[in-house]
Amino acid sequence: MSDEQLLAAAALLREARSVVVFTGAGVSAESGVPTFRAAANALWNQVDVRNFAYPAGYRRNQPDAWRWYAQRAAKTREVVPNAGHVAIAEIERHAEEFLLVTQNIDSLHQRAGSKNVLELHGNLRQPRYFDCGAPSDWLAAPVCSACRGLLRPDVVMFEEELPEGAMDRAREAADSCDVLISVGTSAQVWPAAEIPRYALRGGARVVVVNPDMEGQPWGHHVTQLVGTAGAILPQLVRLAWP
Ligand code: BV8
């Protein structure tokens, strides 16, 4: 990545009236939260995703699948937001119109001060009963002794619909923004992966921040800043609003 690219991206950000930031697991990597696919400690290298993050597999694979999510929830309470999360909250404070669309379930954006956050894939804050949806807590046993109900994380598993209206809200913001910054996502999960494309079709400038652009589907019309969220985003903010 060249200084010119960084300066150009900072100028886009400074002049933008409406900004969307779109994040994936990579933005939390420097906080110690494992990503899903690429890194050595990637989550999908440790477990078979079909037995953990698909509804049928989750139901079959108890108590292991429940424990796996309870451990991930505990991990998110142990870690802290990194400089990348903090920089995104800073961008929100400067932008006239702002939406943070995250695929992440770790709540680190909110803990870093982000306010206008759309969690496309739910969160690990409070588990719920699989069938009736009533809230529970992570200290409970996976099967309720009273109602025999199975507990689950309040996340969107594969083959489950995203929260009602979430994609509409994300698409509306992406369609009409001036700049969309996509940070730390492999852009392989749908329909979330469509969001930067909505921005491009809506005439926005798209900036991608990722240390590994391998396999990223972007052409020359997208500004690609190669590097980590924790290194690049604070620089972007410093250059945009010295
Ligand atoms: C649905 C929650 C309707 C659970 C997750 C169209 C085409 C093909 C397939 C589909 C399609 N439409 C739907 C599908 C099926 C499926 C899908 O997309 N499959 C994929 C695998 C092909 N989608 C769904 O099922 C969705 N539901 O569409 O409902 C339906 C109904 C019935 C049948 C079919 C469809 C639901 C998707 C949500 C699934 N839930 N998570 C949990 O976490 O356990 S997805 C999971 O992957 C995460 O939530 C995450 O959001 C998502 C994407 O991963 P990333 O965040 O991008 O993370 P990843 O590790 O991949 O990449 C990290 C990146 O960071 C890397 O690029 C790395 O280089 C970079 N990085 C690393 N370090 C840093 C960094 N970047 C910056 N700084 C660093 N320091």
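Participant: Please explain the sheet that holds strand E2 (residues 97-102) as it appears in this structure.
Facilitator: What links the strands of a sheet is backbone hydrogen bonding, and the strands pair in either a parallel or an antiparallel sense. In space, the six strands of this open sheet follow the order E3-E2-E1-E6-E7-E8, with parallel pairing throughout. In this open sheet, the two edge strands, each paired with only one partner strand, are strand E3 (117-119) and strand E8 (223-226). Within the sheet, the average angular offset between the axes of one strand and its neighbour, ignoring direction, is 15°. As paired elements, strand E1 (residues 18-23) and strand E6 (residues 179-183) share five bridges and run parallel to each other. Residue Val 21 lies in a different strand from E6, and its bridge partner there is Ile 181. In this fold helix H1 (residues 3-15) packs onto E1, E6, strand E7 (205-210) and E8, with an angle of close to 120° to the strand it touches most, E8. The sheet contacts of helix H6 (residues 83-94) involve E1, E2 and E6, and relative to E2 the element is tilted by about 150°.

Participant: I tried to follow the packing of aromatic side chains on my own but got confused; where do I start?
Facilitator: How two aromatic rings sit relative to each other is set out by the distance from centre to centre and by the angle between their planes. Per the counting criterion, the structure on display carries nine aromatic pairs. An aromatic cluster is built from Phe 36, Trp 44, Phe 52, Tyr 54, Tyr 58, Trp 68, Tyr 69, Phe 130 and Phe 158, whose rings are joined through pairwise contacts. A cation over a ring is seen here: Arg 59 above Phe 130, with NZ or CZ 3.8 Å from the ring centre.

Participant: Can you help me understand the site of the ligand in this one?
Facilitator: Taken together, 35 residues sit near the ligand, with Phe 36, Arg 37, Glu 159, Thr 185 and Ser 186 positioned nearest. Within the side chain of Arg 37, a nitrogen or oxygen atom sits 2.5 Å from an oxygen atom of the ligand. In the model, an oxygen atom of the ligand is placed 3.1 Å from a nitrogen or oxygen of the His 121 side chain. Starting from 1500 Å² of accessible surface for the ligand in isolation, the protein chains cover 77%. Listing elements by their share of the shell around the ligand, those giving two or more residues are helix H2 (26-29) and helix H5 (64-78).

Participant: Quick question: what am I supposed to make of helix H10 (residues 229-240) here?
Facilitator: A turn of α-helix holds 3.6 residues, and therefore any two residues three or four places apart point the same way. The terminal C-alpha atoms of H10 lie 16 Å apart, and with twelve residues this matches the ideal 16 Å at 1.5 Å per residue to within 8%. Where H10 is buried, its residues meet H1, H2, H6, E6, E7 and E8.

Participant: Help me out: how do you make sense of the nonpolar core in this one?
Facilitator: Nonpolar side chains tend to gather and get buried jointly when the protein is soluble and globular. Counting 28 residues, the largest nonpolar core has Ile 181, Leu 233 and Leu 236 as its most contacted members. Of all elements in the fold, only H1, E1, H6, E2, E6, E7 and H10 reach the threshold of two or more residues within this core. For this core, the leading source of residues is H10, giving six residues.

The rules behind these values
- Counting restarts for each chain, with residues numbered from 1 along the sequence as it is written.
- Only residues with pLDDT of at least 70 are given local features in this predicted model, and only at 80 or more are side-chain atom pairs given and counted; all residues enter the totals for whole chains, interfaces and linings.
- Side-chain numbers come from the whole structure's heavy atoms, not from hydrogens or water.
- By definition, two strands form a pair when at least two bridges between them are found by DSSP.
- The secondary structure listing takes helices from DSSP runs of H or I that are at least 4 residues long and strands from runs of E that are at least 2 residues long, numbered from the N terminus.
- To get an axis, fit a line to the C-alpha atoms, keeping to the stretch in contact for a helix; angles then go from 0 to 180 degrees between the N-to-C directions.
- Residue contacts are counted whenever heavy atoms from the two residues lie within 4.5 Å of one another.
- Stacked, edge-to-face and tilted are the three classes for Phe, Tyr and Trp ring pairs, Trp counted by its six-membered ring, which pair at centre distances within 6.5 Å; planes under 30 degrees apart are stacked, over 60 edge-to-face, the rest tilted.
- A ring has a charge above it when a Lys NZ or an Arg CZ is no more than 6 Å from the ring centre and no more than 35 degrees off the ring normal.
- Residues are classed as near a molecule or strand on a simple rule: at least one heavy atom within 4 Å of it.
- As used in this structure description, the phrase polar contact means that two N or O atoms lie within 3.5 Å; if the pair is within protein, one of them must be able to donate a hydrogen and the other to accept it, and residues adjacent in sequence are counted only when both atoms belong to side chains.
- Every accessible area reported is derived by Shrake-Rupley at a probe size of 1.4 Å, with residue values counting cover from the shown protein chains alone.
- The span expected for a helix works out to 1.5 Å for each residue beyond the first.
- Residues enter a nonpolar core if they are buried and are Ala, Val, Leu, Ile, Met, Phe, Trp, Tyr or Cys, with the set joined through side-chain atoms within 4.5 Å.
- Using a 1.4 Å probe on the protein chains alone, a residue whose accessible area is under 20% of its type maximum counts as buried, one over 50% counts as exposed, and one in between counts as partly exposed.

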